[in-house]
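# A closer look at the structure
Letter by letter, the chains look like this.
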Amino acid sequence: MKLTKLIPASLAASVLPVVAFAQDAAEAAPDITPYILTTMLFLIGGFLVFWMAAGFAMLEAGLVRSKNVTTQLTKNIALFAIASIMYWLIGYGIMYPGEWVIEGVMGPWFAITSLEPVGLAAADASLDYASGASDFFFQLMFCATTASIVSGTLAERIKLWPFLIFTTILTGVIYPIEASWQWGGGFLSEMGFSDFAGSTLVHAAGGFAALAGAIVLGPRIGKYKDGKTVPMPGSNLALATLGTFILWLGWFGFNGGSQLAAGTVGDITDVSRIFANTNMAAAAGAVVALILTQIQYGKVDLTMVLNGALAGLVSITAEPLAPSLFMSLVIGGIGGIIVVYTVPLLDKLKIDDVVGAIPVHLVAGIWGTMAVPITNDGTSFVTQAMGIIIIGAFVFITSLVVWLVLKAFGGIRVSEEAEVLGLDKAELGMEAYPEFYKG
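Residues numbered from 1 in each chain as written. Predicted model: local features only at pLDDT ≥ 70, side-chain atom pairs only at ≥ 80, totals over all residues. Heavy atoms only, no water.

### Some remarks on the overall build of the protein chain
Applicable threshold: Helical segments are the DSSP runs of H or I of at least four residues, strand segments are the runs of E of at least two, and each set is numbered from the N terminus. In this setup the radius of gyration rests on C-alpha atoms only. A globule is expected at 2.2 Å times the number of residues raised to 0.38. Any residue under 20% of the maximum accessible area for its type is buried, any over 50% is exposed, and the rest in between are partly exposed; the area is computed with a 1.4 Å probe on protein chains only. Residue-level accessible areas treat just the shown protein chains as cover; the underlying method is Shrake-Rupley with a 1.4 Å probe.
When you go through the protein chain residue by residue, the secondary structure sums to 16 helices and two strands. In terms of overall size, the protein chain behaves like a compact globule, its C-alpha atoms giving a radius of gyration of 25 Å where 439 residues would be expected to give roughly 22 Å. Overall, the protein chain is about 100 × 50 × 50 Å in size when its C-alpha atoms are taken along their principal axes. Burial statistics for the protein chain: of 439 residues in total, 52% are counted as buried. Of the roughly 18900 Å² that the protein chain leaves accessible, carbon and sulfur atoms contribute 70%.

Right, dumping it as structure tokens:
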């Protein structure tokens with residue numbers, strides 16, 4: 001309906017120029033909707049991934065023995081705080097370089113992150129993406145997650161401060177360098193490697209760092225005796241289950257936020273597709289572990305089911321958008337298989353992984369990355385394998401060097417007496433369950 005039919009003829013002459021001016025101004029104004037919605041995606045996704053820090057803390061607290069719970073909780077909150085500072089000070093600038101120091105390989109060190117000014121006007125904003133602060137906040141959460149993976153593997157026998165020193169180097173230098181090769185536009189990205197939300201860049205990288213530490217550190221006292229693996233049950237499976245559900249929830253931010261855009265119908269629909277695929281993969285991993293442990297051991301193993309769900313999540317993380325729900329089920333289900341058979345394999349190799357982080361994050365992360373070409377025609381198995389090998393070699397070797405240096409200068413393992421007594425008393429002088437622990 002024409003505007004002239006809605007306005008009395010006597011007013012038309014004065015109103016129409018104003019309306020025309022408003023229409024012209026609206027057409028000339030920049031479209032701020034994508035900027036706002038993408039910024040909100042990063043902020044919401046970021047705090048969901050932050051909640052994964054609580055998930056890791058609860059999972060680890062539940063899977064270690066009661067005499068070591070306080071130490072694990074201390075490590076988890078400390079590593080997140082350290083990651084926050086190091087990523088601001090060094091990591092973000094390395095990972096997303098304005099200019100490369102070594103083209104495609106190394107960004108500048110100490111390019112300290114700064115935020116937009118208070119009250120930024122639309123005319124002064126870069127409206128083609130999102131706020132820099134939201135991007136920094138979102139990416140920081142991935143950095144901290146990498147360190148959380150290491151914490152669980154090395155539990156119950158590592159000294160607190162050497163672990164935190166390693167965390168400082170991992171979050172400030174090692175992770176940002178290898179992540180820049182893909183997400184910062186480095187040489188892996190140019191090569192055609194694909195890792196949507198970090199099956200390799202985050203999870204396998206954390207797994208490689210954990211593996212190096214476990215080799216240098218050695219197994220817990222009494223874990224392997226007379227050629228047999230001695231079970232060391234966790235203190236609280238209720239907490240471990242809560243931690244798994246928290247991680248499952250946080251993963252929707254982890255994968256969904258990695259769409260990196262929410263300002264169009266296509267983008268927000270893709271985010272919803274990612275949520276659905278992520279959930280399906282987790283469900284499949286849990287169900288497969290449920291069935292396999294019943295077949296293998298005659299009884300269901302809850303810890304395997306929990307790790308099966310997490311392995312499904314890790315497996316789908318490299319490509320949560322392209323698969324159908326059925327393919328997401330297959331990819332996640334294979335992650336569950338990986339956990340059930342890799343955990344005993346590590347025990348045969350006498351690699352003591354307290355919470356099962358190496359099967360979940362390293363091995364399932366590799367599988368998920370290699371599965372990308374199954375549903376994404378723009379990738380190749382050769383390129384995916386090359387990316388995994390390059391990242392794995394870099395993270396494992398640099399981590400191994402750091403662990404060996406820390407071992408040479410002061411040691412990384414607590415004394416035998418402290419390990420038997422428990423790290424809570426020996427390292428911290430406080431216990432998580434002082435009224436119940438009898439020694």
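And the narrative resumes.
### Let's talk about the pattern of salt bridges
This is how the line gets drawn: Salt bridges are defined by distance alone: a side-chain nitrogen of Lys or Arg within 4 Å of a carboxyl oxygen of Asp or Glu.
Applying the stated criterion to the full structure yields four salt bridges. Among the ionic pairs, E156 bridges to R65, the shortest N-O distance being 3.2 Å. Within this pair, whereas E156 is found in the loop between α4 (132-153) and α5 (160-180), its partner R65 is found in the loop between α2 (33-63) and α3 (69-95), the two being separated by 91 residues in sequence. Judged by its relative accessible area of 1%, E156 falls in the buried class. If you follow the salt bridges from partner to partner, you end up with R65, E156, R220 and D352 in one network.

### A look at the environment of L188
Here is the rule we go by: Contacts are assigned to residue pairs that have any heavy atoms within 4.5 Å of one another.
One can find L188 in helix α6 (residues 187-191). Taking relative accessible area as the criterion, L188 reaches 0% and is therefore assigned buried. Expressed as a C-alpha distance, the spacing of L188 and A283, which sit 95 residues apart in the sequence, is 31 Å. Those residues in contact with L188, other than ones at most four positions away along the chain, are W181, Q182, F193, G387, I390 and I391.

### Thoughts on the packing of helix α8 (residues 237-256) against helix α10 (residues 302-317)
When two helices pack together, their arrangement is captured by the angle between the axes and the distance separating the axes. Selection criterion: Axis definition: a line fit to C-alpha positions, over the contact stretch in the case of helices; interaxial angles, taken between N-to-C directions, run 0 to 180 degrees. Roughly parallel means an angle under 35 degrees; roughly antiparallel, over 145; roughly perpendicular, 65 to 115; everything else is oblique. Gly is put with the polar residues, along with every residue not named as nonpolar or charged; the nonpolar set is Ala, Val, Leu, Ile, Met, Phe, Trp, Tyr, Cys and Pro, and the charged set is Asp, Glu, Lys and Arg.
Contact geometry of α8 with α10 gives a least axis separation of 10 Å together with a crossing angle of 10°. When the axis of α8 is compared with that of α10, the two are roughly parallel. Within the contact between the two elements, α8 uses L237, A240, T241, T244, L247, W248, W251, F254 and N255 and α10 uses L302, T303, L306, A309, L310, L313, V314, I316 and T317. Among the residues making up the contact of α8 with α10, the classes are represented as 13 nonpolar, five polar and no charged.

### A word on the side chain of Q72
Note that Q72 resides in helix α3. Overall, Q72 belongs to the buried group, its relative accessible area being 1%. Beyond its immediate chain neighbours, meaning those up to four positions away, Q72 contacts E60, V64, S151, G152, A155 and E156.

### Here's the deal with helix α14 (residues 381-408)
Using the following cut-off: To estimate the expected span of a helix, count its residues, drop one, and scale the result by 1.5 Å.
Between the first and last C-alpha of α14 there are 40 Å, a value that for 28 residues agrees with the 40 Å anticipated at 1.5 Å per step. Listed as buried for α14 are T383, Q384, G387, I388, I391, G392, V395, S399, V402, W403 and L406. Against the buried residues of α14 lie α4, α5, α6, α7 (199-217), α12 (357-370) and α13 (372-375). Positive phi shows up at G410, right after α14, with a value of about 105°.

### Here's the deal with the packing of α2 against α8
Put simply, the rule reads: By definition, any crossing whose near helix is turned counterclockwise from its far helix by less than a right angle is left-handed, and any crossing with a clockwise turn is right-handed.
Here α2 crosses α8 at 160°, and the two axes come no closer than 7 Å. When the interaxial angle is binned, α2 and α8 end up roughly antiparallel. As α2 packs across α8, the resulting crossing turns out to be left-handed. For the contact of α2 with α8, the per-class residue count stands at 20 nonpolar, eight polar and no charged.

### Some remarks on the confidence of the model for the protein chain
To keep things clear, this is the line we draw: The quantity called pLDDT is the predictor's confidence in a given residue, expressed from 0 to 100.
Across the protein chain, the average pLDDT comes to 92, with 92% of residues at or above 70. With pLDDT under 50 throughout, residues 1-6 is counted as low confidence; its partners more than four residues away or in other chains account for four contacts.

### Section: α7
Test applied: A residue's bend is the angle separating two fitted axes: one through the seven residues that end there, the other through the seven that start there.
The terminal C-alpha atoms of α7, which comprises 19 residues, lie 25 Å apart, in line with the 27 Å expected from a rise of 1.5 Å per residue. The largest bend in α7 comes to about 25°, at A205. The buried fraction of α7 amounts to 18 of the 19 residues, a majority that puts the element mostly inside the structure. Where α7 terminates, the next one or two residues include G218, which has phi positive at roughly 85°.

### Re the environment of A284
Within the element layout of this structure, A284 appears in helix α9 (residues 265-297). Residue classification places A284 among the buried residues on the basis of a relative accessible area of 9%. Sequence separation of A284 and L41 is 243 residues, and the distance between their C-alpha atoms is 27 Å. Setting aside anything within four residues of it in sequence, one finds A284 in contact with L329, G332 and G333.

### Some thoughts on the side chain of S131
Inspection of the secondary structure assignment puts S131 in the loop between α3 and α4. Looking at S131, the relative accessible area reads 11%, which means it is buried. With near-sequence residues (within four places) excluded, S131 lies in contact with Y35, T39 and E116.

### Brief notes about unusual backbone geometry
The phi dihedral of E156 is positive, around 75°, even though this residue is not glycine. Even without glycine at this site, K350 takes up a positive phi of about 60°. Tracing the backbone shows K350 in the loop between α11 (325-348) and α12.

### A look at the nonpolar core
Rules: Residues belong to one nonpolar core when they are buried, are Ala, Val, Leu, Ile, Met, Phe, Trp, Tyr or Cys, and are joined through side-chain atoms within 4.5 Å.
With 94 residues, the main nonpolar core has V150 and W403 as its most contacted residues. Of all the elements, α7 adds the most residues to this core, at twelve residues. Discounting residues that sit within four places of it in the chain, W403 has contacts with V150, L154, I158, P162, F163, F166, A209, A212, G213, V216 and I412. By size, the runner-up hydrophobic cluster in this structure holds six residues, among which are A281, I316, I331 and I338.

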